[in-house]
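An overview of the molecular structure
Residue-level listing of the chains:
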Amino acid sequence: MNMTQTVDARGLPCPQPVIQTRKAMEEGGEVLSIVDSETSQRNVTRMAEKSGATVEAEQLEDGIYLRITLGERPEAQAVPTVGAAPEDEPLVLVVPSEMMGRGEHDELGRVLIRAFFHTLREVEPLPDVVVFLNSGVKWVVEGSPAVEDLRALIEEGVEILTCGTCLGYYDLKENVAVGTVSNMYTIAETMLGAGRVVHL
C-alpha cells in the first residue's frame, strides 16, 4: 500500500513549491501538495502532468490541495532537452550580469537570477561550465545568496569559471567563495570550444 506524502508549500516563493513537490514525487507513491496561489497551482500541475502524473485540485479555506497520482511516464511526455548541446560537446552558460533580464527595477532582476540558480539543478541538461563575467561575478563571492546553490552545482560536476579582471574591477578578488578564478584566454577557449553557449 502506497503512502501519501504531503508537501506543505504554502508561503514558499517560486520555484520552491515545484522543487519540493518534484522531490516528493521522485520517492514514489501519491503526493498531496498544498499551495496558496493560482500561480503555484499552475506550476506544480504543469510539472506533474509533464511527468505523466494526474492531478486533482481542491480549493479549501486554507489552501489549494493538489492530489498527485503517479503513473508511468510516456515517452511523448518526457522532459524535453530543447537546444541541448551535441553529445560529448560542452554546454556553457554565461552570466554577464548580476541581474536577469532588463526592466525598470534592478531588484526584480536579482530576484529572478537568484531563482534561476536555485532551480538550475532541477532541470536538464545541466551546463558543463558556468562562466561569470562583468557584474555577474558578484554571485560567486562571500555573502552571495547563490553560493550554496553554486557549490551544489560543482558537486554535480559543473565547472564554475569567474573572470579575474572583473573581480579586480569590483575589488572582490579576496572574497571569492566558490569556483575558479580564471582569465580571458581560458574563458574564450571554453566558449569557442563549446557545443552551445547560452547567455542569461
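In short, a report on the structure. (Residues numbered from 1 in each chain as written. Predicted model: local features only at pLDDT ≥ 70, side-chain atom pairs only at ≥ 80, totals over all residues. Heavy atoms only, no water.)

**A word on the packing of helix α3 (residues 106–120) against helix α4 (residues 147–155)**
Between two packed helices, what matters for the description is the angle formed by their axes and the separation of those axes. The contact between α3 and α4 brings their axes to 9 Å, and the two run at 30°. In terms of orientation, α3 lies roughly parallel with respect to α4. As α3 runs across α4, the sense of the crossing is left-handed. Contacts between α3 and α4 pair Arg 114, Phe 117, His 118 and Leu 120 from the former with Asp 149, Leu 150 and Leu 153 from the latter. Classifying every residue of the contact of α3 with α4 by side-chain character gives four nonpolar, one polar and two charged. (Axes fitted to C-alpha atoms, helices over the stretch in contact; angles between N-to-C directions. Helix = DSSP H or I, 4+ residues; strand = E, 2+ residues; numbered from the N terminus. Parallel < 35°, antiparallel > 145°, perpendicular 65-115°, else oblique. Left-handed = near helix turned anticlockwise from the far one by under 90°. Contact = heavy atoms within 4.5 Å. Nonpolar A, V, L, I, M, F, W, Y, C, P; charged D, E, K, R; others polar.)

**Looking at the nonpolar core**
Core analysis: the biggest nonpolar cluster contains 29 residues, and Val 95, Phe 117, Val 130, Val 131, Phe 132, Val 140 and Leu 150 have the highest contact counts within it. Non-local contacts of Val 140, meaning those with residues more than four positions away in its chain, are made with Phe 132, Val 147, Leu 150, Ile 160, Thr 162, Asn 175, Val 176, Ala 177 and Val 178. Residues Val 35, Ala 53, Ile 64 and Leu 66 belong to the second largest nonpolar core, which totals 14 residues. (Core = buried A, V, L, I, M, F, W, Y, C linked by side-chain atoms within 4.5 Å. Buried < 20%, exposed > 50% of the residue type's maximum accessible area, 1.4 Å probe, protein only.)

**Details of helix α2 (residues 38–50)**
The terminal C-alpha atoms of α2 lie 18 Å apart, and with 13 residues this matches the ideal 18 Å at 1.5 Å per residue to within 8%. Buried within α2 we find Ser 40, Val 44, Thr 45, Met 47 and Ala 48. Angular distribution of buried residues about the axis of α2 spans 165°; they occupy a single face of the element. Against the buried residues of α2 lie α1 (16–26), β2 (30–35), β3 (54–60) and β4 (63–69). Taken from the residues just after α2, Gly 52 is the one with a positive phi, measuring 90°. (Expected span 1.5 Å × (residues − 1). Arc of directions from axis to C-beta.)

**Quick word on the environment of Arg 42**
In this structure, Arg 42 sits in helix α2. Under the relative-accessibility criterion, Arg 42 is labelled partly exposed at 45%.

**Overview of the pattern of salt bridges**
Under the counting rule described, the total for this entry stands at nine salt bridges. Between Arg 151 and Glu 148 there is a salt bridge, with the nearest N and O atoms lying 2.8 Å from each other. Taken together, the residues span about one helical turn, with Arg 151 and Glu 148 both in helix α4 at a distance of three residues. Arg 151 sits in the partly exposed class, given a relative accessible area of 36%. (Salt bridge = Lys/Arg side-chain N within 4 Å of Asp/Glu carboxyl O.)

**Some words on the sheet that holds strand β9 (residues 196–199)**
Sheet strands line up and pair through hydrogen bonds in the backbone, either parallel or antiparallel. Spatially, β8-β7-β6-β5-β9 is the arrangement adopted by the five strands of the open sheet, whose pairing is parallel. Two strands in the sheet have a free side with no partner beyond their single neighbour: β8 (180–182) and β9. In this sheet, neighbouring strand axes are inclined to one another by 25° on average, regardless of whether the strands run parallel or antiparallel. Strand direction decides the pairing type here: strand β5 (residues 91–95) and strand β6 (residues 129–132), joined by four bridges, are parallel. Following the sheet pairing, Leu 93 is matched in β6 by Val 130. (Pairing = 2+ DSSP bridges.)

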